[in-house]
There are 2 protein chains.
Amino acid sequence: MKKYYLFTPGPTPVPPETLLAMAVPILHHRSPQFASILAEVKEDLKYVFQTKNDVLIFASTGTGAMEGAVTNTLSSGDTALVVRAGKFGERWAEICEAYGVKTINIDIEWGRCVKTAQIAEALEKHPEIKAVFIQAHETSTGVKFPLKEIGEIIHQKEDTILVVDAISALGAMEIRTDEWYLDVVVAGSQKALMLPPGLAFVCLSDKAWQFVKKAQLPRYYFDFLKERKSLAKNQTAYTAAVSLILGLRENLKRIKEEGLENIIARHQRFSLAVKRAIEAMGLELFTKENPSEILTAVLAPKGIDAQEIVKRLRAYGIIIAGGQAKLKGKIFRISHMGYVDEQDLIMVIAALERVLIELGYSLTPGIGVKTMQKIFLTS
Amino acid sequence: MKKYYLFTPGPTPVPPETLLAMAVPILHHRSPQFASILAEVKEDLKYVFQTKNDVLIFASTGTGAMEGAVTNTLSSGDTALVVRAGKFGERWAEICEAYGVKTINIDIEWGRCVKTAQIAEALEKHPEIKAVFIQAHETSTGVKFPLKEIGEIIHQKEDTILVVDAISALGAMEIRTDEWYLDVVVAGSQKALMLPPGLAFVCLSDKAWQFVKKAQLPRYYFDFLKERKSLAKNQTAYTAAVSLILGLRENLKRIKEEGLENIIARHQRFSLAVKRAIEAMGLELFTKENPSEILTAVLAPKGIDAQEIVKRLRAYGIIIAGGQAKLKGKIFRISHMGYVDEQDLIMVIAALERVLIELGYSLTPGIGVKTMQKIFLTS
């Protein structure tokens, strides 16, 4: 007998009720039944994105919508500012480069946060910057970025938009799309929206839609204007991933019922509990600045390979993530995003204690769990 | 109480066992468990594609992989020959145009088939043609194209590849990728592979991979080389649509068990039964040349709007497709692709009889069903 428990920052666990909601006979994507489902989903997505604008839905993973965010707003030879503070910041730069967009990169040490002043300075120095690309939360390092402050700066500039990869943030962290002047916000299904991978979302401000009109980069599948026209008729331009959208409907209902503020507070509470437990175990948190409530990134103790911790936890059925790219072997990441509860977190910390002891790390059994229990009992 | 029965040429019904196989806890896409599933799927896809080459898997619908087939094989300013014999032929041309590929179009009356000689002639006249784009089966008209003959011609040419949209064909019609020299074959999950929408597939010949090396068009999410490298490690480059791939594994097993030849024979038999029943009802088949075994396209009787037939069938829970673009209102299409059995077809013909009688069409009740019964009894 073997059970598996998923604590990776995407995909995340899907509620069993939602899995069953998707296991129903296939609806046709042009049927009135499906149109009424899409109408419902369309409204509820606005709530999660905190926007008045439509949220486009693509059958793809988040990266596809990231590509669309570039190709639908820019032209060849345009200049973009990219905050590269981890693997996903690098992805923005790669996509821009693939399409002949010039990039000015602000390179941040992985695990640290960009300063708003750095962005202001770059914009000052390079008035030709058409778009600033950033993450809401850099999944590879666990850092969240000061979107509100950055949004305020870019809002002042008529010819620059702010493009945010909120794939591992939306629905777990505060993201006020309209209020914070986030011009393009990209999200994915397999994170805090608690769905299987396969859907991507993108929301554009009125300002960003003006950019779309002028953008000359080639695009077809990820054509935002075409999708917007279809969505106005409660359709998608191409065949919708109907079963995932049925699941989305369920989870959006669930999110509205709990309330975004409560969900965010829950993530903050869980994050605190995991981080304190980790520290109580004598481990060092990797994320030095602006640690997110999405995941906890931990430095492997001296002499222990982080991948070995990940591997040994897997033997107990606990699936966490290692480090990506240059952080591989150095850190491990425990996600507390989405469909995760207190009992789950007790379990992952207990298993981590066992694995560390197995690996010869000096630790009083129960110390992490005890710390977590105290937080859960008192907060 | 209301039941729904799906007879559209995508999405198609998904076997209930497969729906449940997808309703299991989410696997992580970088886990060894998932890698072993992908390894299995990779082999079984080769069987369905009748190829020795790897079949790439994308989280998208077929159109995304069609776009990838263009951007991964061509460069800006290249010339492509496009067979435009319906809505999906037009899509090839649109994608080429979106990326600055010059198109020479062979325009065929909708419902008719391209002649191999027309392609040979165009290639003769325009030696600069780098790629020929065609459908295996044009879903909008129900015509299938002589791929084997076309493949033989293009195989002679060192600098030209044949790119086939087999989205609504693969797994139902004969498609011998390697034997017929089909250089690029695109497929989708929601057709004869009996899955929900959300996966696209593409298979490239060695010759096509040589084109990929030289292709300069921009691409990122649909990067075939990157996917090939990942697939070699039993991974996908970006987050895999894990639940759909679990369903795919089930359906590929099912397909191997029945055997491709038997599946093709079943589709041919069903197609014959539907077409004869339609004729017995005094209706006219729309597809004049090379009608496919995938679907039956029918001209609405004089004075009756085809959309009205579609709509009234829906009231009985029978979901069929109308005509697309310029055929809207003129034809209706009954799919007999994928997870469809004899009883289903009896039901759809019986319902069609009722609807036609309601609409004032002169018809002896039972005539279509009787004809179908006879075929099922004797073949």
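Residues numbered from 1 in each chain as written. Chains lettered and ligands numbered in written order. Predicted model: local features only at pLDDT ≥ 70, side-chain atom pairs only at ≥ 80, totals over all residues.

Some thoughts on the sheet that holds strand S15 (residues 331-335) of chain A
All names here are of chain A.
So, step 1. Across the sheet, four strands lie side by side as S11-S12-S15-S14; this open sheet has antiparallel pairing. Edge positions in the open sheet fall to strand S11 (284-285) and strand S14 (321-322), since each of these has one partner strand only.
So, step 2. As paired elements, S14 and S15 share two bridges and run antiparallel to each other. In the sheet register, Ala321 faces S15, and the bridge partner there is Arg333.
So, step 3. Along the sheet face, helix H10 (residues 260-280) touches S11, strand S12 (295-299) and S15 and points at about 15° away from the line of S12. (Pairing = 2+ DSSP bridges. Helix = DSSP H or I, 4+ residues; strand = E, 2+ residues; numbered from the N terminus. Contact = placed C-beta atoms within 7 Å. Axes fitted to C-alpha atoms, helices over the stretch in contact; angles between N-to-C directions.)

Quick word on the pairing of strand S9 (residues 184-188) of chain A
Residues and elements named next belong to chain A.
So, step 1. Of all five residues in S9, five are buried; the element is thus mostly enclosed.
So, step 2. Of the two faces of S9, the one lined by Val184, Val186 and Gly188 and the one lined by Val185 and Ala187 are each fully buried.
So, step 3. In the sheet, strand S8 (residues 161-165) pairs with S9 via three bridges, with the strands oriented parallel. When the sheet's bridge partners are listed, Val164 is paired in S9 with Val185.
So, step 4. Two strands pair when backbone bridges link them, and S9 and strand S10 (residues 199-204) are joined in this way by five bridges, in the antiparallel orientation. Bridging from a neighbouring strand, Val185 pairs with Cys203 of S10. (Buried ≥ 20, exposed ≤ 12 C-beta atoms within 10 Å, placed from the backbone.)

Things to note about the interface of chain A and chain B
So, step 1. Tallying the contact residues gives 42 residues for chain A and 42 residues for chain B.
So, step 2. Breaking the side of chain A that touches chain B down by element, the ones donating at least two residues are helix H1 (16-22), helix H3 (62-71), helix H4 (87-98) and helix H9 (242-258) of chain A.
So, step 3. Looking at side-chain class alone, the side of chain A that touches chain B contains 26 nonpolar, 14 polar and two charged residues. (Nonpolar A, V, L, I, M, F, W, Y, C, P; charged D, E, K, R; others polar.)

Some points on the sheet that holds strand S9 (residues 184-188) of chain B
The strands that make up a sheet pair up through hydrogen bonds in the backbone, lying either parallel or antiparallel.
Residues and elements named next belong to chain B.
So, step 1. Strand order across the open sheet formed by seven strands is S2-S10-S9-S8-S5-S3-S4, with mixed pairing between neighbours. At either margin of the open sheet sits one strand with a lone partner, and together these are strand S2 (55-59) and strand S4 (102-107). Strand-to-strand twist in this sheet, taken as the mean axis angle between neighbours without regard to direction, amounts to 20°.
So, step 2. Along the sheet, helix H6 (residues 147-155) contacts strand S5 (129-135) and strand S8 (161-165); its crossing angle with S8, the most-contacted strand, is approximately 155°.

Observations concerning unusual backbone geometry
Both trends apply: most residues other than glycine have a negative phi, and most peptide bonds are in trans.
So, step 1. The amide bond that connects Gly10(A) to the next residue, Pro11(A), takes the cis arrangement and shows omega of -5°.
So, step 2. Along the chain, Pro11(A) turns up in the loop between strand S1 (5-6) and H1.
So, step 3. The backbone phi angle of Asn290(B) is positive, close to 45°, even though this residue is not glycine.
So, step 4. Look at Ala325(B): it is not a glycine, yet its phi comes out positive at around 50°.
So, step 5. For Ala325(B), the position within the fold is in the loop between strand S14 (321-322) and strand S15 (331-335).
So, step 6. According to the C-beta neighbour criterion, Ala325(B) is exposed, with 10 such atoms within 10 Å.

So, the pairing of S8(A)
Residues and elements named next belong to chain A.
So, step 1. Most of S8 sits out of view: five of its five residues are buried.
So, step 2. In S8, alternate side chains face the same way, and those of Ile161, Val163 and Asp165 on one face and Leu162 and Val164 on the other are all buried.
So, step 3. Note that strand S5 (residues 129-135) and S8 share five bridges and pair parallel. Residue pairing across strands places Gln135 opposite Asp165, the latter belonging to S8.

Focus: the relation of the copies chain A and chain B
So, step 1. Structural alignment of chain A on chain B gives an RMSD of 0.0 Å, achieved by rotating through 180° and translating 0.0 Å along the axis. In symmetry terms, the pair is related by a two-fold rotation axis. Across chain A, the rotation axis passes nearest the C-alpha of Ser60(A), at a separation of 2.3 Å.
So, step 2. Comparing contact sets, 100% of the residues at the interface of chain A also lie at the interface in chain B, consistent with an isologous, same-surface contact. (Least-squares fit on C-alpha atoms with pLDDT ≥ 70 in both.)

Focus: the domain arrangement of chain A
All names here are of chain A.
So, step 1. On domain assignment, one finds that chain A holds domain 1 (5-11 + 259-378) and domain 2 (16-257).
So, step 2. Using only C-alpha atoms to locate each centre, domain 1 and domain 2 end up separated by 28 Å.
So, step 3. With 27 residues of domain 1 at the interface, the matching set in domain 2 holds 27 residues.
So, step 4. Going through the elements one at a time, H10 and S12 are the ones with two or more residues in the side of domain 1 that touches domain 2.
So, step 5. Counting residues per element, the side of domain 1 that touches domain 2 draws most heavily on H10, which supplies four residues.
So, step 6. Taken together, the residues of the side of domain 1 that touches domain 2 sort by class into 14 nonpolar, eight polar and five charged. (Domains from an automatic or database assignment.)

Quick look at the nonpolar core
So, step 1. Counting 256 residues, the largest nonpolar core has Val186(A), Phe201(A), Val202(A), Val186(B), Phe201(B) and Val202(B) as the members making the most contacts within it.
So, step 2. Each residue touching Phe201(A), except ones within four places of it in the same chain, is listed here: Leu45(A), Val55(A), Leu56(A), Ile57(A), Ala65(A), Val186(A) and Ala187(A). (Core = buried A, V, L, I, M, F, W, Y, C linked by C-beta atoms within 7 Å.)

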